[in-house]
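Spelled out from the first residue to the last, the chains are:
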Amino acid sequence: MKALAEQIGDLEDVELYGRVTGVRGLMIEVAGPIHAMSVGARVLIDSGRARPIPCEVVGFTGDNALLMPFAALEGVRRGCRAVVSAAPGAVRPSSGWLGRVVNAMGEPIDGKGPLPAGPSPYPFRNAPPPAHMRRRVGAPLDLGVRALNAFLTCCRGQRMGVFAGSGVGKSVLLSMLARNVVADVSVIGLVGE
């Protein structure tokens, strides 16, 4: 019931919107209620397609806000409505998300139906915990890849990043880790360049 009350509280009283005034490459300019837009605010552009195009405010120029889209810009033209969302971007993960594949917006992309909502929202942008409040890493973790176990030992609770050029096997390595690591849960994020 508490989760439902939080969702009702997130509903907006008034719909604020602006209009698209220009598109330069991937950057969209919107004129409208600048006072309601801040850097990081969410905006939905109604281009006449089935789903609006989600965007994020990344800056301002003159009286216009500059937006970066999270989807393709087909159908966007001068004069399209740009609805400002008062609610910050957030997801509601639950244990039903285990084994699922989601996109950057927390939407399922594995064709297995909708995701069950969890009890409380987690913002997309959150301040990291202070370094002195973090737990220490635990015992060594068997990654299931002998070369990593021998030369790049990782421990329980440790975070790891894999950085390299295109086509050298990062995704293959991540699939090997997901398949062979001795862990209850592995969270793998594929972040493009």
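Structural data are supplied above this passage.
Just so you know, the residues in each chain are numbered from 1, in the order the chain's sequence is written. Selection of residues for local features in this predicted model requires a pLDDT of at least 70, selection of side-chain atom pairs for listing and counting requires 80 or more, and totals for whole chains, interfaces and linings are taken over all residues. With hydrogens and water stripped out, all remaining heavy atoms of the structure feed into the side-chain values.

(A) Focus on the nonpolar core. Counting 17 residues, the largest nonpolar core has V20, I28, V30, M37, I45, V57 and L67 as its most contacted members. Residue assignment for this core shows that the elements contributing at least two residues are strand 2 (27-31), strand 3 (42-46), strand 4 (53-61), strand 5 (64-69) and strand 6 (81-85). In this text, helices come from DSSP runs of H or I with a minimum length of four residues, and strands from runs of E with a minimum of two, each type numbered from the N-terminal end. Ranked by residues supplied to this core, first place goes to strand 4 with three residues. Only heavy atoms enter the contact rule, under which two residues are in contact if any of them lie within 4.5 Å. Aside from chain neighbours lying at most four places away, what touches M37 is V30, V43, V57, F60, A65 and V84. Among buried residues, the Ala, Val, Leu, Ile, Met, Phe, Trp, Tyr and Cys ones that are joined through side-chain atoms within 4.5 Å form a nonpolar core. Each residue is assigned to one of three classes by its accessible area relative to the maximum for its type, calculated with a 1.4 Å probe on protein chains only: buried under 20%, partly exposed between the two thresholds, exposed over 50%. If you look at the next biggest cluster of nonpolar residues, it comprises eight residues, including L143, L174, L177 and V181.

(B) Representation of the sheet that holds strand 5 within the structure. In space, the six strands of this closed barrel follow the order 1-2-5-4-3-6, with antiparallel pairing throughout. For this sheet, the mean inter-axis angle between neighbouring strands, taken without regard to orientation, is 45°. For strand 1 (residues 16-24) and strand 6, the ladder comprises four bridges, and the chain directions are antiparallel. Note on strand 6: the bridge partner recorded for G18 is A82. Only strands joined by at least two bridges in the DSSP assignment are considered to pair. Orientation is described by axes fitted as lines to C-alpha atoms, over the contacting stretch for helices, and by angles from 0 to 180 degrees between their N-to-C directions.

(C) Broad picture of the side chain of E56. Looking at the secondary structure, you find E56 in strand 4. In this structure E56 comes out as buried when scored by relative accessible area, which is 11%. Any pair of N or O atoms that falls within 3.5 Å is considered a polar contact. Within protein, one atom must be able to donate a hydrogen and the other to accept it, and sequence-neighbouring residues count only if both atoms are side-chain atoms. A distance of 3.4 Å separates the side chain of E56 from the side chain of R42, its partner in a polar contact. Those residues in contact with E56, other than ones at most four positions away along the chain, are G40, A41, R42, L66, L67, M68, F70 and R125.

(D) A look at the pattern of salt bridges. Definition used for salt bridges: Asp or Glu carboxyl oxygen within 4 Å of a side-chain nitrogen of Lys or Arg. Tallying each qualifying case throughout the model produces five salt bridges. In this structure, E56 and R42 form a salt bridge, with 3.4 Å as the shortest nitrogen-oxygen distance. Here E56, found in strand 4, pairs with R42, found in strand 3; they are 14 residues apart in sequence, far enough to count as distant. Each member of the pair, E56 together with R42, is buried. As a salt-bridge pair, R49 and E74 come within 3.8 Å of each other at their nearest N and O atoms. Here the residue R49 occupies a position in the loop between strand 3 and strand 4, and E74 occupies one in the loop between strand 5 and strand 6, the gap between them amounting to 25 residues.

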